[in-house]
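Summary of structural features
Given next are the chains, with one letter for each unit.
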Amino acid sequence: RRDDAITALVSAGEILEQVRRDHPDVVICPSVISGFWRGRDRVASWDLQAPTDTQLAITALRRAIDLWEKFVAECPTEAGFRMDLAALYIHSAELVASYFSYGGVSLPAGSMKTAEQHALRAVELLDQLVREYPQAPQYRAGRVLAYRHSALVSRALEDPENAVRFEDFGLPVEKSLVDEF
């Protein structure tokens, strides 16, 4: 299942990059391509099966992140792009941290540092979205996932104090979401 997601991500990225090359003066900002997250827990669905080609998965995520960072820079008020970027950061951090923790896969140099940066960027983006849209549960739920994956990365980096700090941030938000729904 994860391989299908990676293939789709690569294909979508190639199409969007081609559109950007063919039409460099056009700012891609429609809500049609932003907000693929749409409040669903896509990160959890990625945990079902490891990708066959870890390097391809990491490369695809990094390309998608680069592209979505451009979208966010071009359309900073489009919340969907920021949520998408946070989701990509979470996917990237989770993938690298899980392989780092369980071993058996050769990761590019600096992968854990990048995973840590991605986890922290996801938290920052989702904190910002929650401040802007406090009543939107999808941003609060995304923030809980970002905290969880930041804790996972912290544990992989053997930083239990930071891991506990992220877990402690996420628990009240998660409890409030459970109480609300």
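Residues numbered from 1 in each chain as written. Predicted model: local features only at pLDDT ≥ 70, side-chain atom pairs only at ≥ 80, totals over all residues. Heavy atoms only, no water.

A separate point is the side chain of Arg82. Looking at the secondary structure, you find Arg82 in helix 4 (residues 79–102). Sequence-distant contacts of Arg82, that is, excluding residues within four places in its chain, are made with Val72, Pro76, Thr77, Leu125, Gln128, Leu129, Glu132 and Tyr133. (Helix = DSSP H or I, 4+ residues; strand = E, 2+ residues; numbered from the N terminus. Contact = heavy atoms within 4.5 Å.)

A few words now on helix 6 (residues 137–156). Taking 1.5 Å of rise per residue, 20 residues should cover 28 Å, and helix 6 covers 29 Å from first to last C-alpha, within 8% of that figure. Summarising burial for helix 6: 14 of the 20 residues are buried, a large majority. In the segment just after helix 6, Glu158 is the residue with positive phi, at about 60°. (Expected span 1.5 Å × (residues − 1). Buried < 20%, exposed > 50% of the residue type's maximum accessible area, 1.4 Å probe, protein only.)

For the protein chain, per-residue confidence averages 77 on the pLDDT scale, and 75% of positions sit at 70 or higher. When mean pLDDT is taken per element in the protein chain, helix 5 (residues 111–132) scores highest with 89 and helix 2 (residues 42–46) scores lowest with 44. Scored below 50 in pLDDT, residues 39–48 makes 19 contacts in the model with residues more than four places away or belonging to other chains. (pLDDT = per-residue confidence, 0-100.)

Trp68, Leu85, Leu88, Leu126, Tyr139 and Val153 are the most contacted members of the largest nonpolar core, which totals 46 residues. Looking at this core element by element, the count peaks at 12 residues for helix 4. (Core = buried A, V, L, I, M, F, W, Y, C linked by side-chain atoms within 4.5 Å.)

This part covers the pattern of salt bridges. Where charged atoms from two side chains of opposite charge come close, those side chains can pair. By the definition in use, this model includes 4 salt bridges. The partner of Glu69 in a salt bridge is Arg121, and the shortest N-O contact between them spans 3.7 Å. Taken together, the residues Glu69 in helix 3 (residues 54–74) and Arg121 in helix 5 connect sequence positions 52 residues apart. Judged by relative accessible area, which is 29%, Glu69 ranks as partly exposed. Residue classification places Arg121 among the partly exposed positions, given a relative accessible area of 34%. Linking Glu132 and Arg82 is a salt bridge whose minimum nitrogen-to-oxygen distance equals 2.9 Å. One end of the pair, Glu132, is in helix 5; the other, Arg82, is in helix 4, and 50 residues separate them in sequence. Residue Arg82 is classed as buried on the basis of its relative accessible area of 3%. (Salt bridge = Lys/Arg side-chain N within 4 Å of Asp/Glu carboxyl O.)

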